[in-house]
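Given next are the chains, with one letter for each unit.
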Amino acid sequence: MASVVNMTASIQNIVQHNCAIPDAEFWCGKRVLLTGHTGFKGAWFANWLAHMGAVVHGLALPPESRPNLFDALEIDKKIHSHFGDIRQFDTVKLAVDAARPDIVFHLAAQALVRASYKQPLATFETNVMGTANLLEALRGRPDVKVALMVTTDKVYRNREQLAPYPETAELGGHDPYSASKAASELVLASYRDSFLHEQGTAILAARAGNVIGGGDWSEDRLLPDAVRAWRNGDTLHIRRPDSVRPWQHVLEPLSAYLCLAQHAWSNPATSPAWNIGPDGAASVREVVQLAHAAYGKGQIEFATEISGPHEAGLLALDASKLRQTLGIAPRWKLGTAVEHSMRWYRDFENGMSADALCARDMDDYLHAAQFFAEQPGQPA
């Protein structure tokens with residue numbers, strides 16, 4: 001992973017109209033509290049922060065899936081890992097006290113739409129009260145300079161429209177997951193206006209599109225479900241093949257979170273809400289077909305009739321503010337993102353370590369950032 005650090009350091013000052021990347025020197029020595037560090041996205045993030053030299057404290061429930069990226073990357077050896085429930089205020093406060101953070105990233109959540117129908121109260125408790133607990137623990141701590149709260153592209157009241165949603169679109173949510181995330185943003189805005197702005201803490205909401213990447217073994221997610229089925233010789237059943245989402249590789253939002261936090265550090269009055277997503281959106285069918293071609297085997301069955309609880313059919317994000325204001329733009333097209341994801345799983349099954357696979361993706365991603373900066377307008 002040292003090559004990733006060297007790569008980041010060597011091109012960290014590339015910030016042009018079409019490209020911005022995290023500054024490794026900025027993060028070296030920063031004290032960071034990261035909630036949700038045992039999840040797929042959180043483990044990738046903890047790994048990146050640790051290798052840039054940040055002093056990271058993580059707070060989350062133990063990982064649910066076996067295998068999982070937290071264990072595969074041995075994250076507990078790289079950061080200060082704390083297992084706890086963000087629904088318990090005393091647990092959150094103890095974590096904040098232990099971390100004494102300069103910067104906070106809040107990723108811990110109940111993150112699945114279908115699970116929210118089965119457990120609506122747990123979803124609201126985790127996503128709304130968990131966020132409130134963290135914000136309350138930050139109240140009266142002016143040493144916390146930036147707190148970035150990760151919500152979702154699903155915070156918008158979905159009107160089943162082709163047009164992408166900008167940050168100014170109305171918030172809402174049909175299912176408990178979407179509604180809980182929209183509600184958490186109201187809590188965030190209240191704490192910002194009532195307490196945290198006065199103490200000098202910059203509070204941001206980051207609304208990221210659907211994330212894919214190697215090392216996700218969660219239930220009820222597209223690529224993990226595909227890998228499980230094809231590895232075992234089973235048919236992958238797709239229930240909503242024509243649903244459209246803003247798919248992106250996990251490194252895209254993580255890079256954006258880091259860049260947003262860097263910006264807010266010196267610009268605490270920065271805009272409070274940011275969309276993070278690709279230039280377009282794609283159907284589930286298209287992603288599955290790309291994944292199948294990259295994996296090289298397996299059967300697929302696409303449903304012809306919609307069944308199950310309500311889920312949004314069309315969803316796209318307008319992330320132009322991020323590009324135009326901070327120069328943060330996607331580096332990998334959808335095909336590249338899917339290819340890297342499926343290659344990660346294939347090579348992990350063949351014995352490569354998670355550390356080596358994540359380092360390889362990071363190197364490729366940062367090379368793409370360099371190429372994009374040197375040749376603006378070219379596909380990465």
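All of these numbers come straight from a predicted model, not from anything done at the bench.

Undergrad: Describe the overall build of the chain, listing the residues and the values that go with them.
TA: Check the secondary structure of the chain and you find 14 helices and 15 strands. The C-alpha atoms of the chain give a radius of gyration of 19 Å, which matches the 21 Å a tight globule of 380 residues would have. Considered along the principal axes of its C-alpha atoms, the chain spans approximately 55 × 45 × 40 Å. For the chain, the residues scored as buried account for 55% of the 380 residues in total. Long-range contacts, defined as pairs at least 24 residues apart, comprise 80% of the intrachain contacts of the chain with a sequence gap of at least 6. For the chain, the exposed area adds up to about 15200 Å²; of that, 51% sits on carbon and sulfur atoms. With 35 positive and 42 negative side-chain charges, the chain shows a spacing of 2 Å between the two charge centroids.

Undergrad: Describe the pairing of strand β8 (residues 202-208), naming the residues involved and giving the relevant values.
TA: Burial analysis of β8 places seven of its seven residues in the buried class, the great majority of the element. The side-chain alternation of β8 yields two buried faces, one formed by Ala202, Leu204, Ala206 and Ala208 and the other by Ile203, Ala205 and Arg207. In this structure, strand β7 (residues 146-150) lies alongside β8, joined through five bridges in parallel fashion. Across the sheet, the residue bridging to leucine 148 is leucine 204, located in β8. Note: β8 against strand β13 (residues 273-276), four bridges, orientation parallel. The residue of β13 that forms the bridge with alanine 206 is tryptophan 274.

Undergrad: Explain the nonpolar core residue by residue, including any values.
TA: By size, the foremost hydrophobic cluster in this structure holds 78 residues, and its most contacted members are Trp27, Trp44, Leu49, Phe105, Tyr257 and Met342. Ranked by residue count, the leading element in this core is helix α10 (residues 251-266), at nine residues. Those residues within four positions of tryptophan 44 in sequence are excluded, and the remaining contacts are Leu69, Gly214, Val250, Leu251, Leu254, Trp344, Cys358, Asp361 and Met362. Counting 24 residues, the second-largest nonpolar core is a separate cluster that includes Val96, Val187, Ile203 and Ala205.

Undergrad: So, the packing of aromatic side chains: which residues are in play, and what are the values?
TA: Enumeration according to the criterion identifies 15 aromatic pairs in this entry. Ring centres of tyrosine 191 and phenylalanine 195 lie 5.2 Å apart, and the angle between their planes is 55 degrees; on these two criteria the pair is classed as tilted. Taken together, the positions of tyrosine 191 and phenylalanine 195, both in helix α8 (residues 176-196) and four residues apart, correspond to about one turn of that helix. When its relative accessible area of 32% is taken as the criterion, phenylalanine 195 is described as partly exposed. Where tryptophan 217 meets tyrosine 345, the ring centres are 6.2 Å apart and the plane angle is 80 degrees; that geometry is what we call edge-to-face. Of this pair, tryptophan 217 sits in the loop between β9 (211-212) and α9 (222-231) while tyrosine 345 sits in helix α13 (residues 334-349), and the two are 128 residues apart along the sequence. When sorted by exposure, tryptophan 217 lands in the same class as tyrosine 345, which is buried.

Undergrad: So what's going on with the packing of α9 against helix α11 (residues 284-295)? Residues and values would help.
TA: With their axes 11 Å apart at the nearest point, α9 and α11 run at an angle of 45 degrees to one another. Of the possible angle classes, the one that applies to α9 and α11 is oblique. For the pair α9 and α11, the crossing hand works out as right-handed. The residues of α11 that touch α9, namely those facing Leu222, Leu223, Val227, Trp230 and Arg231, are Val284, Val287, Val288, Ala291, His292 and Tyr295.

Undergrad: I'd like a description of the side chain of arginine 331, backed by residues and values.
TA: If you trace the backbone, arginine 331 turns up in the loop between α12 (320-326) and α13. Of the side chains with opposite charge, glutamate 252 lies nearest to the buried arginine 331, which makes no salt bridge, at 4.8 Å. Reaching out from arginine 331, the side chain makes a polar contact with the side chain of tyrosine 365 at a distance of 3.0 Å.

Undergrad: Can you tell me about the environment of leucine 258, naming the residues and giving the values?
TA: Note on placement: leucine 258 falls in helix α10. Each C-alpha atom of the pair leucine 258 and isoleucine 21 lies 8.2 Å from the other, and the pair is 237 residues apart in sequence. For leucine 258, the residues in contact, after removing those within four places along its chain, are Pro22, Trp27, Phe45, Trp48, Leu49, Met52 and Phe105.

Undergrad: Residues and numbers for empty space enclosed by the protein, please.
TA: Considering all chains together, one arrives at one cavity of 30 Å³ or more under this definition. In this structure, the largest cavity encloses a volume near 40 Å³. The wall of the largest cavity is formed by His106, Thr131, Met149, Val150, Thr151, Lys181, Ser184 and Leu188. Elements represented by at least two residues in the lining of the largest cavity include exactly β7 and α8. Here the lining of the largest cavity takes three residues from α8, the largest share from any one element. Split into classes, the residues belonging to the lining of the largest cavity amount to three nonpolar, four polar and one charged.

What counts, and at which threshold
Residues numbered from 1 in each chain as written. Predicted model: local features only at pLDDT ≥ 70, side-chain atom pairs only at ≥ 80, totals over all residues. Heavy atoms only, no water. Helix = DSSP H or I, 4+ residues; strand = E, 2+ residues; numbered from the N terminus. Rg over C-alpha atoms; globule rule 2.2 N^0.38 Å. Buried < 20%, exposed > 50% of the residue type's maximum accessible area, 1.4 Å probe, protein only. Contact = heavy atoms within 4.5 Å. Areas by Shrake-Rupley, 256 points an atom, 1.4 Å probe, with all protein chains shown as cover. Lys, Arg positive; Asp, Glu negative; His and termini not counted. Charge placed at Lys NZ, Arg CZ, Asp CG, Glu CD. Pairing = 2+ DSSP bridges. Core = buried A, V, L, I, M, F, W, Y, C linked by side-chain atoms within 4.5 Å. Phe/Tyr/Trp six-rings, centres within 6.5 Å; stacked < 30°, edge-to-face > 60°. Axes fitted to C-alpha atoms, helices over the stretch in contact; angles between N-to-C directions. Parallel < 35°, antiparallel > 145°, perpendicular 65-115°, else oblique. Left-handed = near helix turned anticlockwise from the far one by under 90°. Salt bridge = Lys/Arg side-chain N within 4 Å of Asp/Glu carboxyl O. Polar contact = N/O pair within 3.5 Å; in protein donor to acceptor, adjacent residues only side chain to side chain. 1 Å grid on protein atoms, 1.4 Å probe; cavity = no way out; pocket = protein on both sides within 12 Å on 5 of 7 lines; lining within 4 Å. Points joined across faces, edges and corners; volume = space filled by probe spheres on them. Nonpolar A, V, L, I, M, F, W, Y, C, P; charged D, E, K, R; others polar.

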